[in-house]
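Reading the structure
Single-letter residue listing:
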Amino acid sequence: IEPPNFLPKSFHKEFYEISDKLKAIGIMTELDTVSLAQYLIAKQNYISYTAMLLKVIKRNSDPNRQYLDEDDVIENTKIQALQDRALRQCQTCARDLGLTITSRAKIAIPQPPDDDDEL
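Description of the structure in this document. (Residues numbered from 1 in each chain as written. Predicted model: local features only at pLDDT ≥ 70, side-chain atom pairs only at ≥ 80, totals over all residues. Heavy atoms only, no water.)

**Overview of the pattern of salt bridges**
Tallied over the full model, the rule gives 5 salt bridges. In this structure, Glu14 engages Lys43 in a salt bridge whose closest nitrogen and oxygen atoms are separated by 2.4 Å. Within this pair, whereas Glu14 is found in helix H1 (residues 12–24), its partner Lys43 is found in helix H2 (residues 33–60), the two being separated by 29 residues in sequence. Among the residues examined, Lys43 registers a relative accessible area of 25% and is labelled partly exposed. The closest approach of N and O atoms between Arg59 and Glu75, which form a salt bridge, is 2.6 Å. Highlighted residues: Arg59 in helix H2 and Glu75 in helix H3 (residues 70–97), separated in sequence by 16 residues. Judged by its relative accessible area of 38%, Arg59 falls in the partly exposed class. Sharing partners across several salt bridges, the network here consists of Arg59, Asp72 and Glu75. (Salt bridge = Lys/Arg side-chain N within 4 Å of Asp/Glu carboxyl O. Helix = DSSP H or I, 4+ residues; strand = E, 2+ residues; numbered from the N terminus. Buried < 20%, exposed > 50% of the residue type's maximum accessible area, 1.4 Å probe, protein only.)

Written as structure tokens, this is what we have:
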């Protein structure tokens, strides 16, 4: 299973790590590569937006500042919206791929036929 062409090389190591784990439990095929790539991109976006938000929070928590101005609130709100969107995308892809506990519990993993079934 190979990563899709649109996935940057910096994501390939994690792509292979996750796809190998999913293949090992029998739930990853070539058809799932785009979903895994989307998951990795959404995850990175969430991490980036969280870092941005933490910088804003740190700046706004300066004890020398007595209040937040309107621009601070607007910036914080925009970043939170982006972070929330990325998190939802990440969670959706994770559920589709069986990367969460509850989604794995709902997936019917194909079992190899018993030798007795062939008789």
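**Some thoughts on H3**
For H3, built from 28 residues, the straight-helix expectation of 40 Å at 1.5 Å per residue is met to within 8% by its first-to-last C-alpha distance of 41 Å. All buried positions along H3 are accounted for by Asp72, Ile79, Gln83, Ala86, Cys90, Cys93, Ala94 and Leu97. For H3, the secondary structure elements touched by its buried residues are H1, H2 and helix H4 (101–106). Gly98, located one to two residues past H3, shows a positive phi value of around 80°. (Expected span 1.5 Å × (residues − 1). Contact = heavy atoms within 4.5 Å.)

**Considering the nonpolar core**
Buried together is how nonpolar side chains tend to be arranged in soluble globular proteins. Judged by nonpolar contacts, the single largest core of 16 residues is most densely connected at Leu7, Ile18, Leu22, Leu36, Tyr39 and Leu40. With 5 residues, H2 is the single largest residue contributor to this core. Residues within four places of Leu40 in sequence aside, it is in contact with Leu7, Phe11, Glu14, Phe15 and Ile18. (Core = buried A, V, L, I, M, F, W, Y, C linked by side-chain atoms within 4.5 Å.)

**Quick look at the packing of aromatic side chains**
Using the criterion set out here, one finds 1 aromatic pair in the structure. Ring geometry for Phe15 and Tyr16: centres 5.8 Å apart, planes at 85°, overall edge-to-face. (Phe/Tyr/Trp six-rings, centres within 6.5 Å; stacked < 30°, edge-to-face > 60°.)

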